[in-house]
There are 2 protein chains.
Amino acid sequence: MSISAETFFLDHSAEGTLQSRIQQMVAQGILEGRFRPGERLPSSRKMAQHLGVSRITVTLAYTELVADDYMISRGRSGYFVSDNAPEPPAFPAQRADQGTVDWPRAIAQRFTPGLSVDKPADWSRFRYPFIYGQTDRTLFDSANWRLCALRALGMRDFEALTADYFDGDDPQLVEFVARQTLPRRGILANSDEILITMGAQNALWLSAQVLLNSRRRAVIEDPCYPALRNILTQSRCQLSPVQVDRDGLPPDKLPDDTDVVFTTPSHQCPTTATMPLSRRNALLEKAEADDFIVVEDDYEFEMSFLKSPSPSLKSLDQNGRVIYVGSFSKSIFPGLRLGYLVGPAPFIREARALRATVLRHPPGHIQRTVSYYLSLGHYDALVRRMSKTYHERRRVMEETLHHHDLTVAGQGTYGGSSIWLRAPSGVDTAILAEHLLADSVLVEPGAPFFASDTPPTQYLRLAYSSIPASRISEGVRLIADAIAHY
Amino acid sequence: MSISAETFFLDHSAEGTLQSRIQQMVAQGILEGRFRPGERLPSSRKMAQHLGVSRITVTLAYTELVADDYMISRGRSGYFVSDNAPEPPAFPAQRADQGTVDWPRAIAQRFTPGLSVDKPADWSRFRYPFIYGQTDRTLFDSANWRLCALRALGMRDFEALTADYFDGDDPQLVEFVARQTLPRRGILANSDEILITMGAQNALWLSAQVLLNSRRRAVIEDPCYPALRNILTQSRCQLSPVQVDRDGLPPDKLPDDTDVVFTTPSHQCPTTATMPLSRRNALLEKAEADDFIVVEDDYEFEMSFLKSPSPSLKSLDQNGRVIYVGSFSKSIFPGLRLGYLVGPAPFIREARALRATVLRHPPGHIQRTVSYYLSLGHYDALVRRMSKTYHERRRVMEETLHHHDLTVAGQGTYGGSSIWLRAPSGVDTAILAEHLLADSVLVEPGAPFFASDTPPTQYLRLAYSSIPASRISEGVRLIADAIAHY
């Protein structure tokens, strides 16, 4: 790689001769690790021109740097950073001056600690990765995805790729979602009732901003998706966690002054409970009676391989009280960051205005690629392939969990991609998970899902979305062993 | 296209026989425009299975629909929506029931009116598009972009494409920005001082959230980028617009209780003034004396084709008081939505935590593609090509504006992509712009850039980033004519 002359700036207030300042500038770049062995420096002519100094000054500086073995000269090819140049320290030096700002005071609003993530980035190196929500390389069809992405890069889609949509979305994607995706959940919506979001989490965040303030009360399920609790904590609303049971959120336990309920009726997160129809109707009736809004996170409804998914809450809603959150990031891949929000037009209008302020719109290329991936049927094929594989993995999971007498606290009657386990009381699954790393087993401790400051510690989530069926038995055996010898 | 059986749901509370309800369901989909002529319906077998009814019921319903010319049967190929089926109304009918929610009450926080956009989406059909900030099809090198995107879709980059980075970014992109992009602006930063954002606007939004609350005072330039004013209005901070002069923001006009200053020293937006070095130093001295933070939006610094860009404000900052905002969306294409935020680690930590809550991370594939595009030198080549073309367009602009005696109020001594024009007083450029549409001329009225409720109306922005040099003279002539006959 060539180092551009434009990366050099002479500090006009610095001391020393021009030549020595140029030497120092180059040497410092090497010592800081910005210029690396083998990289070519700008020619003396270019450097002189850029810095506005005479060429001989640069040549003299370069000659000194060669003498000091920072650089080597390869005749006509030019000057290169020497292989023998001093190495930068393994940990980059903090610049001496740390500034004069009192940051704890200058920061007007704190957002840390936010999402706390202990999942190792190199999870795929583990032999038994019961990890949740990452992409299984063996299931994803990169080939078709690549074709769709490439098509969306073509000149015919130049607008969709490059244009500033301001607060708009790709009309092609919105139309597909309205005509094909939502009707599968029993939902009919016009384009002014749909907003494309940066994943389901972004949809939940937007909903919380529009529907809540410090005087309003939000209900969340307990346990629940930790990122949602984080969103609501930051929004500074009144927050009431309500304990779920084997049928999900119990409507009769909601506080009287509830303004917004966040719920996961298809698969409760993380217990995987599915809310029965009778309870869904009871929830909607209570929403009408107590005048609150329900935000339905319909995550993983596609993974219903055991039986057909129950109708979405929104499809049962006659009164326009349900805001619906869906995602493509979950089923295609999380790095996609694409989801959607469906609700009455006045609500979507506010969410759209907020999204425009925060980030204008989700990147056009991603929207168009997904639109092709959906409309060419690849998405359905992917979901079928995932469902089939998950089904088999789930079977093996259940069998071996039963064999080892482990207690399943929730396993989703429709399907899903994980099982919620309860270890014997006294077991702290955070410590258990730590121990299991040595056996190359990755499990997710359950405590972060709970709202309490002293959460139950014996739960854990075992996902089968990224572990091959052939490794499940041995992985479960290792978990059972670790519990037995806790 | 085939219509999936899964898009059908029987409403169990509806009246009528099963057969009539199926008929109605299909007919309604056609009338609502969801099912279109030529699309294939699910086979009677599949439909029966999905709905849990007998096959004969579905067949009878289908036969009725064929008789009514909603559908046609093509023997073994199956059932299709008929070309003669009733057409959906041009404007989709609002569903009769409008819900029971009092939305003006249910919405706890309003974000409309936000960004107000009058720019036509079909701007490229105009003959004289003096439009700002859209991509010029003739300058962008789709070929290299496509190659980089394709490479980033390869199996070697599977992780970067698919992985959930949580609150992290593509390390490859962050490293390139730290080693190559920022040093060109005289900035050295570690990876914990850099955050990748969804464009510069997202970077400004994140900064505002972290640095401001209702008790803090922010200074913006007047006139300024309307989206920034919108961000700050929504953040509910104390807001002080300070009038800029021909050298940009005057530090001696800042209120005493300023907490954060948002400024565009490279090219003031929209006047294109460049802040001289002496004023930059004065601003930094005042920041130190009065203990405020400066957010520097360094937009368009790449487009310095008239002379080398002046050093960034951040590169002059010895005290860690400057937060730096950069963008790739501007120079590559706005639909990309990618920028970066550079600041002291404690600040970046909070901005990162907030970003994680709002959207986790910008999509991995986009980050990796840009990383390739930069490191393979395509970006520099693009910027050189744009600069060369803009230079020529700018020359023609200046010449013809001068020829027609139009008053240039700002034109950027370094380059840029637009000229700030002042029409004779009495001219309302909003009305002028409206008139000019009929001549196929697109110009941008200046009023929305001003903070006042009664802004000056005689300014307008003429951009040359999307109009060929050959059309500029005629376009400017039309503008001059329109002004003369106003």
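Placed above this text is the structure.
Along each chain, residues carry numbers from 1 onward, in the same order as the chain's sequence is written. Labels are handed out in written order, letters beginning with A for the chains and numbers beginning with 1 for the ligands. Only residues with pLDDT of at least 70 get local features here, since the model is predicted, and only at 80 or more are side-chain atom pairs given and counted; chain-wide, interface and lining totals rely on the full set of residues. The side-chain figures draw on all heavy atoms in the structure; neither hydrogens nor water molecules are used.

**Student:** Quick one: what's the story with the pairing of strand S7 (residues 260-263) of chain A, residue by residue and with numbers?
**Tutor:** Looking down a regular strand, the side chains alternate between one sheet face and the other. Residues and elements named next belong to chain A. Burial here depends on accessible area, computed with a 1.4 Å probe over protein chains only, as a share of the maximum for the residue type. Under 20% is buried, over 50% is exposed, and the range in between is partly exposed. The helix count covers DSSP runs of H or I at least four residues long, the strand count covers runs of E at least two residues long, and both are numbered beginning at the N terminus. Side chains of S7 alternate between two faces, with Val260 and Phe262 and Val261 and Thr263 buried alike. DSSP bridges decide pairing: two strands pair if at least two such bridges lie between them. Judged from the two bridges that link them, strand S5 (residues 217-222) and S7 form a sheet pairing that is parallel. Paired with Ala218 across the strands is Val260, a residue of S7. Sheet analysis places S7 next to strand S8 (residues 293-297), joined by four bridges and oriented parallel. Within S8, the position partnered with Thr263 by the bridge is Glu296.

**Student:** An account of the sheet that holds strand S12 (residues 418-422) of chain A is requested, with residue identities and associated values reported.
**Tutor:** All names here are of chain A. The strand order across the open sheet built from four strands is S11-S12-S15-S14, with neighbouring strands paired in antiparallel fashion. Every other strand in the sheet has two partners, leaving strand S11 (407-410) and strand S14 (444-445) as the edge strands with one partner each. Sheet topology note: the S14/strand S15 (residues 459-463) ladder contains two bridges and is antiparallel. Its bridge partner lying in S15, Glu444 is registered against Arg461.

**Student:** Give a detailed account of the interface of chain A and chain B, specifying residues and quantitative values.
**Tutor:** A common way to report how large an interface is uses the accessible area buried once the components associate. For this analysis, residues touch if any pair of their heavy atoms sits within 4.5 Å. The interface is formed by 112 residues belonging to chain A together with 112 residues belonging to chain B. A buried area of about 10,200 Å², summed over both sides, lies between chain A and chain B, and 55% of it is on carbon and sulfur atoms. The term buried area denotes the loss of accessible surface (1.4 Å probe radius) that occurs when two parts are joined, taken as the sum for both partners. The largest per-residue losses of area from chain A upon contact with chain B belong to Trp103, Arg179 and Thr357 of chain A, which jointly make up 7% of the total buried on that side. One speaks of a salt bridge when a side-chain nitrogen belonging to Lys or Arg is within 4 Å of a carboxyl oxygen belonging to Asp or Glu. In this structure, Arg36 of chain A engages Glu175 of chain B in a salt bridge whose closest nitrogen and oxygen atoms are separated by 2.8 Å. Polar contact is the term for a pair of N or O atoms within 3.5 Å; when the atoms are in protein, one must be able to donate a hydrogen and the other to accept it, and sequence-neighboring residues count only if both atoms are side-chain atoms. For the pair chain A and chain B, the number of links is 56 residue pairs in polar contact (both at pLDDT 80 or more). Of all the secondary-structure elements, those providing two or more residues to the side of chain A that touches chain B are helix H4 (103-106), helix H5 (142-152), helix H6 (158-162), helix H7 (171-181), helix H8 (199-211), helix H9 (226-235), helix H12 (345-359) and helix H13 (364-375) of chain A.

**Student:** Residue-level account of the relation of the copies chain A and chain B, with values.
**Tutor:** For this overlay, a least-squares fit was computed on C-alpha atoms, restricted to residues scoring pLDDT of at least 70 in both copies. Mapping chain A onto chain B calls for a rotation angle of 180° and an axial translation of 0.0 Å; the resulting RMSD is 0.1 Å. Both copies are brought into coincidence by an operation consistent with a two-fold rotation axis. Proximity to the rotation axis, assessed at the C-alpha, singles out Leu150 of chain A in chain A; its C-alpha lies 3.6 Å from the axis. When the interface residues of chain A are mapped onto chain B, 100% of them are again interface residues, pointing to one common binding face.

**Student:** Tell me about the packing of aromatic side chains, residues and numbers included.
**Tutor:** Pairing of aromatic rings covers Phe, Tyr and the six-membered ring of Trp, with a centre-to-centre limit of 6.5 Å; geometry is then stacked below 30 degrees between planes, edge-to-face above 60, and tilted otherwise. Using the criterion set out here, one finds 33 aromatic pairs over all chains in the structure. Note on Phe140 of chain A and Phe158 of chain B: the rings are 6.4 Å apart at their centroids and 55° apart in plane angle, and the pair reads as tilted. With Phe140 of chain A in the loop between strand S3 (128-129) and H5 and Phe158 of chain B in helix H6 (residues 158-162), this residue pair bridges two chains. Per residue, the accessibility class of Phe140 of chain A equals that of Phe158 of chain B, and both read buried. Measuring from centroid to centroid gives 5.3 Å for Trp420 of chain B and Tyr459 of chain B, while their planes differ by 10°, and the two rings are stacked. In this pair, Trp420 of chain B sits in strand S12 (residues 418-422) while Tyr459 of chain B sits in strand S15 (residues 459-463), placing the two residues 39 residues apart along the sequence. Using a relative accessible area of 2% as the deciding quantity, one classes Trp420 of chain B as buried. Accessibility expressed as a relative area gives 16% for Tyr459 of chain B, which makes it buried. Each member of the aromatic cluster is reached from another via a ring pair, and the members are Phe140, Trp145, Phe333 and Tyr373 of chain A together with Phe158 of chain B. Distance and angle both matter: a charge sits over a ring if NZ of Lys or CZ of Arg is within 6 Å of the ring centre and within 35 degrees of the ring normal. Against the face of Tyr132 of chain A rests Arg461 of chain A, its NZ or CZ located 3.6 Å from the ring centre. Residue placement shows Arg74 of chain B over the ring face of Phe80 of chain B; its charged tip is 4.1 Å from the ring centre.

**Student:** Provide a residue-level description of the sheet that holds strand S14 (residues 444-445) of chain B, including the pertinent values.
**Tutor:** Either a parallel or an antiparallel arrangement is found when strands of a sheet pair, and the pairing is made through backbone hydrogen bonds. Residues and elements named next belong to chain B. The sheet built from four strands is open, its strands ordered S11-S12-S15-S14 with antiparallel pairing. Looking along the sheet, the strands with just one partner apiece sit at the ends: strand S11 (407-410) and S14. As paired elements, S12 and S15 share five bridges and run antiparallel to each other. Residue pairing in the sheet places Ile419 in a bridge with Leu462 of S15.

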